[in-house]
Amino acid sequence: IFESCYALSTGIFRDYSDITKHNRTQIFSLNPADATTLLNKRELDIIGLVEMNLANDISGNMSFSEPIYYNNQQEPLALATSQDDAQWASFVYWTVSSTIYAEEKNIT
């Protein structure tokens, strides 16, 4: 999840230095209920490792990136953004997709 967040920061700030990684990217550990509430209040930009399911899509008002982790036959896990910001959700989706593609093709 950290690398996905750093990839998003790099895309936004066009800089992959330690300044961007450590000063412009803030990563918090929250319980799922608090994270969903903060996302819906627009106090968070992303929630990491959220189950991609209909309940989170509808009741959580979330958009999802490509799955970044598969949890032993359960729901795939992805980054979640607010459905209220389609441009940000699209940016997150395509950033994650491009990093997965680059990893599969050994592009560094």
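Our subject is the structure listed above.
In this report, the structure presented in the accompanying data block is examined. Here the residue numbering is sequential within each chain, running from 1 through the sequence in written order. Local features in this predicted model are restricted to residues of pLDDT 70 or higher, and side-chain atom pairs are both shown and tallied only at a pLDDT of 80 or more, whereas totals for entire chains, interfaces and linings draw on every residue. The side-chain numbers reported here are obtained from all heavy atoms of the structure, hydrogens and water having been left aside.

**Points about the sheet that holds strand β2 (residues 62-70)**
At step 1: In this description, strands pair whenever DSSP reports at least two bridges between them. Only DSSP runs of H or I with at least four residues qualify as helices, and only runs of E with at least two residues qualify as strands; both kinds are numbered from the N terminus onward. One open sheet holds the 3 strands; their spatial order is β1-β3-β2, and the pairing between them is antiparallel. The sheet terminates laterally at β1 (47-51) and β2, the two strands that pair on one side only. When the angles between neighbouring strand axes are averaged without regard to direction, this sheet yields 40 degrees.
At step 2: In this sheet, strand β3 (residues 76-82) lies alongside β2 in antiparallel orientation, the contact comprising 6 bridges. Pairing of Tyr70 across the sheet is with Pro76, part of β3. A fitted line through C-alpha atoms represents every axis, and for helices the fit uses only the stretch in contact; the resulting angles, taken between N-to-C directions, go from 0 to 180 degrees.

**Focus: the environment of Ser82**
At step 1: Its place among the elements puts Ser82 in strand β3.
At step 2: Along the sequence, Ser82 and Asn40 sit 42 residues apart, while their C-alpha atoms lie 6.5 Å from each other.
At step 3: In protein, a polar contact means a hydrogen-donor-capable atom and an acceptor-capable atom, both N or O and within 3.5 Å, with residues adjacent in sequence counting only if both atoms are side-chain atoms; elsewhere, any N or O pair within 3.5 Å suffices. A polar contact is formed between the side chain of Ser82 and the backbone nitrogen of Asp84, at a distance of 3.1 Å.

**Some details on helix α3 (residues 32-40)**
One turn of an α-helix holds 3.6 residues; hence residues three or four places apart share an orientation.
At step 1: A distance of 3.1 Å separates the backbone nitrogen of Ala33 from a side-chain oxygen at the start of α3, and that oxygen is part of Asn31.
At step 2: Following α3 by one or two positions, Arg42 has its phi on the positive side, about 65 degrees.

**Looking at the side chain of Ser9**
At step 1: For Ser9, the position within the fold is in helix α1 (residues 2-13).
At step 2: Ser9 gets classed as buried once you look at its relative accessible area, which sits at 6%.
At step 3: Every residue pair with non-hydrogen atoms within 4.5 Å of one another is taken to be in contact. Excluding its chain neighbours within four sequence positions, the residues that come into contact with Ser9 are Arg14, Thr20, Arg24 and Thr25. Only protein chains enter the accessibility calculation, which uses a 1.4 Å probe; a residue is then buried when its area is under 20% of its type maximum, exposed when over 50%, and partly exposed in between.

**So, the side chain of Ser4**
At step 1: Inspection of the secondary structure puts Ser4 in helix α1.
At step 2: Apart from residues no more than four positions distant in its own chain, Ser4 is found in contact with Ile68 and Leu79.

**As for the nonpolar core**
At step 1: We define the nonpolar core as a collection of buried residues of types Ala, Val, Leu, Ile, Met, Phe, Trp, Tyr and Cys that are connected through side-chain atoms lying within 4.5 Å of one another. With 9 residues, the main nonpolar core is built from Ala35, Leu39, Leu44, Ile47, Val50, Met62, Phe64, Ala78 and Ala80.
At step 2: Among the elements of the structure, α3, β1, β2 and β3 are those that each provide at least two residues to this core.
At step 3: Setting aside anything within four residues of it in sequence, one finds Ile47 in contact with Ala35, Thr36, Leu39, Met62, Ala78, Leu79 and Ala80.

**Some points on the environment of Ser90**
At step 1: On the secondary structure map, Ser90 appears in helix α5 (residues 86-104).
At step 2: Through-space distance from the C-alpha of Ser90 to that of His22 is 24 Å; in sequence the pair is 68 residues apart.

**Considering the packing of aromatic side chains**
At step 1: Pairs were defined over the aromatic rings of Phe, Tyr and Trp, the Trp ring being its six-membered one, requiring ring centres within 6.5 Å. Orientation was assigned from the angle between planes: stacked under 30 degrees, edge-to-face over 60, tilted for the rest. One pass over the structure, following the stated rule, counts 2 aromatic pairs.
At step 2: Between Trp88 and Phe91 the ring centres are 5.6 Å apart and the planes differ by 25 degrees, which places this aromatic pair in the stacked class. Here the residue Trp88 and the residue Phe91 both occupy positions in helix α5, the gap between them amounting to 3 residues, near one helical turn.
At step 3: For Trp88, a relative accessible area of 18% corresponds to the buried category.

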